[in-house]
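A structural walkthrough
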There are 2 protein chains.
Amino acid sequence: MSFAPAVILARPQLGENIGAAARAMANFGLSDLRLVAPRDPWPNERAWSMAAGALGIVEGARVFDRLQDAIADLQTVYATTARLRGVSKPVLTPAEAAGRLRAASAEGVKTGLLFGSERAGLDNDEAALATALVTIPTSPDFASLNLGQAVLLNAYEWWKAGDATAPARLDHGPLAAPASRAEMIHLFEHLEDELLKSGFLYPPDKVDSMRLNLRAMLNRAALSDQEVRTLRGVIVSLTRGKKRRNPAE
Amino acid sequence: MSFAPAVILARPQLGENIGAAARAMANFGLSDLRLVAPRDPWPNERAWSMAAGALGIVEGARVFDRLQDAIADLQTVYATTARLRGVSKPVLTPAEAAGRLRAASAEGVKTGLLFGSERAGLDNDEAALATALVTIPTSPDFASLNLGQAVLLNAYEWWKAGDATAPARLDHGPLAAPASRAEMIHLFEHLEDELLKSGFLYPPDKVDSMRLNLRAMLNRAALSDQEVRTLRGVIVSLTRGKKRRNPAE
């Protein structure tokens, strides 16, 4: 059985930030929200409004008085903190932490991501209850991230660690497909034939390199079959253009 | 010469979101903010308060009436959009886009990341001015990201693409170093010697496997030199404990 990590907010101060955390969780496939001693009364109106569509997560949030109760059932807990403490603990990037959480979850290990309060983050005793620390790499000139941002970035990495989206793809939409080589060769020949007639492909000793450059440009464009038909229509139209624009001529 | 990408916000509505974008830029090493036809008057009080420490970016933001003027000097512009259009365009993940932006910037190419308005994102004509699209992978159940979150995730990926932080490290603090093998071996032998005397390592045919298990636990803990000294003090204290706790005994 596989579990997504719980998100545990220790002593959160502002309802807005709890709502922002819930929204980020919904964006990236997390749902188990746990609050430890929230400062403002709970349930909190501002959490509801910041959560946007993620109301189920806010409504399902469990509230605990003590951190040890909030994480008692978990086996692996990573604590997000910008500060290093005077103790020896593994420090992970969010991406590395996410990969480890995916692997642990896939084996049925119950996991959690722990975040401290807005004002001062996690204190040493809180961090000591976690199995490892996660530090988000930031510019040293401006390292301050708010609670909602910290949850967002960790939740995003969790999602990415299990996401198979191709890093780059060419989307042609539902009606088009990448052009076949035959379609491209007909386009090349059509264009080159017209450019020979029009005198653009001249003088003869330059024609080969000019043709290669044109073909390279068209290949780089990674055309769809529809786009090849469009460009062939463009060539036809341009070669007949003067007649069409001024039928009286 | 290397340039970090400009961040271009097309028709942003809320000053808060401009401020959140500026703050995310400061977190992740971006500084060139450009606004196209912001809805609310500019400069905007709410942008200032949301930007927290990133005031230089808000103050330096340039305002344009038209998108084509805001991106005129750029050579590579990626447009973040959740929606696919009826045109064929490369679609990149933020991580892939960030890698390409780093590579282009390192060659002196001027780059930008374009974001649409809060209400409806980029329209087709705006997206058509970009060289590729960036789509943030999200849970299909809740794909809505706000403008500040979209800027944050793309800025974070930009930073990560140039960041050499080790994915995992064990931080021992400035005063400690990983224990040497000699220190560990002395710890093993000290503990095992006391456990033989106390009768824990018994019967003799089990001693070897018990020793190996204890050594495996201690190795997994990846102790520092300081921690080895602490544990040796623990062993001494436990073996002498009764005397200390009750000197009259």
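Nothing here was measured: the structure is a model prediction, and the numbers come from that model.

**Re the overall build of chain A**
Scanning chain A for helices and strands turns up ten helices and eight strands. With the C-alpha coordinates of chain A rotated into their principal frame, the extents come out at 85 × 40 × 40 Å. Residue pairs in contact within chain A that sit at least 24 positions apart in sequence constitute 82% of those at least 6 positions apart. A total accessible area of about 12,800 Å² is found for chain A, and carbon and sulfur atoms account for 54% of it. For chain A, the centre of its 29 positive side-chain charges and the centre of its 28 negative side-chain charges are spaced 6 Å apart.

**Some details on the packing of aromatic side chains**
By the definition in use, this model includes five aromatic pairs over all chains. Considering the side-chain rings of Phe28 of chain A and Tyr156 of chain A, the 5.6 Å spacing of their centres and the 70° angle between planes classify their relative orientation as edge-to-face. In this pair, Phe28 of chain A sits in the loop between α1 (15–27) and β2 (33–36) while Tyr156 of chain A sits in helix α7 (residues 147–161), placing the two residues 128 residues apart along the sequence. A relative accessible area of 0% means that Phe28 of chain A is categorised as buried. For Tyr156 of chain A, a relative accessible area of 1% translates into the label buried. Three or more aromatic residues joined by ring pairs form one cluster here, namely Phe28 and Tyr156 of chain A together with Phe28 and Tyr156 of chain B. The ring of Trp158 of chain A is capped by Arg102 of chain A, whose NZ or CZ atom sits 3.7 Å from the centre of that ring. A cation sits over an aromatic face here: Lys110 of chain B above Phe3 of chain B, 5.5 Å from the ring centre.

**Notes on the relation of the copies chain B and chain A**
Each copy of the sequence occupies a distinct position, and chain B is placed on chain A by a rotation of 180° and an axial shift of 0.0 Å, giving an RMSD of 0.1 Å. These values place the two chain copies in the arrangement generated by a two-fold rotation axis. The C-alpha atom lying nearest the rotation axis in chain B is that of Leu153 of chain B; the distance is 3.5 Å. When you check the interface residues of chain B against chain A, 100% turn up at the interface there too, and the contact is symmetric in its surfaces.

**Considerations on the pairing of strand β4 (residues 76–80) of chain A**
Residues and elements named next belong to chain A. Counting buried positions along β4 yields five of five residues, so the element is predominantly enclosed. Along β4, one buried face is formed by Thr76, Tyr78 and Thr80 and the opposite face, lined by Val77 and Ala79, is buried too. Looking at chain direction, β4 and strand β7 (residues 132–134) are connected through three bridges and run parallel. If you follow Tyr78 over to β7, its bridge partner there is Ala132.

**Some thoughts on the side chain of Arg23 of chain B**
Note on placement: Arg23 of chain B falls in helix α1 (residues 15–27). One buried charged side chain, Arg23 of chain B, makes no salt bridge at all; its nearest oppositely charged neighbour is Glu118 of chain A, positioned 11 Å away. The contacts of Arg23 of chain B, once residues within four sequence positions are left out, are Phe142, Ser144, Leu145, Asn146 and Gln149 of chain A together with Met50, Ala51, Ala52 and Ala54 of chain B.

**What to know about the interface of chain B and chain A**
Contacts between the two partners involve 49 residues from chain B, matched on the other side by 49 residues from chain A. Joining chain B to chain A, the criterion identifies two salt bridges. As a salt-bridge pair, Lys160 of chain A and Glu157 of chain B come within 2.6 Å of each other at their nearest N and O atoms. Here chain B is connected to chain A by 16 residue pairs in polar contact (both at pLDDT 80 or more). Elements with a minimum of two residues in the side of chain B that touches chain A: α1, β5 (89–92), α5 (94–106), α7 (147–161) and β8 (168–171) of chain B. Considering each element in turn, the side of chain B that touches chain A owes the most residues, seven residues, to α7 of chain B. Pairing between strand β8 (residues 168–171) of chain A and β5 of chain B: four bridges, direction antiparallel.

**Section: the packing of α1 of chain A against α7 of chain A**
All names here are of chain A. The contact between α1 and α7 brings their axes to 8 Å, and the two run at 15°. Judged by the inter-axis angle, α1 sits roughly parallel to α7. Relative to α7, α1 is oriented so that their crossing is right-handed. Each of Asn17, Ala20, Ala21, Ala24 and Met25 in α1 lies in contact with α7, whose residues at this interface are Leu147, Gly148, Val151, Leu152 and Ala155. For the contact of α1 with α7, the class distribution of residues is eight nonpolar, two polar and no charged.

**Quick look at the packing of α7 of chain A against α7 of chain B**
Here α7 of chain A crosses α7 of chain B at 70°, and the two axes come no closer than 11 Å. By the criterion of interaxial angle, the relationship of α7 of chain A to α7 of chain B is roughly perpendicular. Viewed along their axes, α7 of chain A and α7 of chain B form a crossing whose handedness is right-handed. Judged by residue contacts, Gln149, Leu152, Leu153, Tyr156, Glu157 and Lys160 of chain A of α7 of chain A engage Gln149, Leu152, Leu153, Tyr156, Glu157 and Lys160 of chain B from α7 of chain B.

**Description of the domain arrangement of chain A**
Under the domain assignment used here, chain A contains domain 1 (6–161) and domain 2 (181–239). Distance from the C-alpha centre of domain 1 of chain A to the C-alpha centre of domain 2 of chain A: 57 Å.

**Overview of the sheet that holds β8 of chain B**
Taken together, eight strands build an open sheet; the order of strands is β3(A)-β2(A)-β1(A)-β6(A)-β4(A)-β7(A)-β5(A)-β8(B) and the sheet is mixed. With one partner strand each, in any of the chains shown, β3 (62–64) of chain A together with β8 of chain B form the two edges of the open sheet. Pairwise comparison of adjacent strand axes, ignoring direction, gives a mean angle of 30° for this sheet. Here strand β1 (residues 6–10) of chain A runs beside β2 of chain A; their pairing, made up of four bridges, is parallel. Note on β2 of chain A: the bridge partner recorded for Val7 of chain A is Leu33 of chain A.

**Things to note about the nonpolar core**
Grouped together as the largest cluster of nonpolar side chains are 74 residues, with contacts concentrated most on Leu9, Leu33 and Val151 of chain A together with Leu9, Leu33 and Val151 of chain B. With residues near it in sequence (within four places) discarded, Leu9 of chain A still touches Ile18, Ala21, Leu33, Arg34, Leu35, Val36, Phe115, Leu147 and Val151 of chain A.

**A look at the pattern of salt bridges**
It is possible for side chains bearing opposite charge to pair when their charged atoms get close. For the structure on display, the rule yields 32 salt bridges over all chains. As a salt-bridge pair, Glu96 of chain A and Arg100 of chain A come within 2.9 Å of each other at their nearest N and O atoms. With Glu96 of chain A and Arg100 of chain A both in helix α5 (residues 94–106) and four residues apart, this pair spans about one turn of that helix. Overall, the relative accessible area of 26% leaves Glu96 of chain A in the partly exposed class. Close ionic contact of Glu192 of chain B with Arg215 of chain B constitutes a salt bridge, the shortest N to O distance being 2.7 Å. Taken together, the residues Glu192 of chain B in helix α8 (residues 181–198) and Arg215 of chain B in helix α9 (residues 204–220) connect sequence positions 23 residues apart.

Parameters and conventions
- Residues numbered from 1 in each chain as written.
- Chains lettered and ligands numbered in written order.
- Predicted model: local features only at pLDDT ≥ 70, side-chain atom pairs only at ≥ 80, totals over all residues.
- Heavy atoms only, no water.
- Helix = DSSP H or I, 4+ residues; strand = E, 2+ residues; numbered from the N terminus.
- Contact = heavy atoms within 4.5 Å.
- Areas by Shrake-Rupley, 256 points an atom, 1.4 Å probe, with all protein chains shown as cover.
- Lys, Arg positive; Asp, Glu negative; His and termini not counted.
- Charge placed at Lys NZ, Arg CZ, Asp CG, Glu CD.
- Phe/Tyr/Trp six-rings, centres within 6.5 Å; stacked < 30°, edge-to-face > 60°.
- Buried < 20%, exposed > 50% of the residue type's maximum accessible area, 1.4 Å probe, protein only.
- Lys NZ or Arg CZ within 6 Å of the ring centre and 35° of its normal.
- Least-squares fit on C-alpha atoms with pLDDT ≥ 70 in both.
- Pairing = 2+ DSSP bridges.
- Salt bridge = Lys/Arg side-chain N within 4 Å of Asp/Glu carboxyl O.
- Polar contact = N/O pair within 3.5 Å; in protein donor to acceptor, adjacent residues only side chain to side chain.
- Axes fitted to C-alpha atoms, helices over the stretch in contact; angles between N-to-C directions.
- Parallel < 35°, antiparallel > 145°, perpendicular 65-115°, else oblique.
- Left-handed = near helix turned anticlockwise from the far one by under 90°.
- Nonpolar A, V, L, I, M, F, W, Y, C, P; charged D, E, K, R; others polar.
- Domains from an automatic or database assignment.
- Core = buried A, V, L, I, M, F, W, Y, C linked by side-chain atoms within 4.5 Å.

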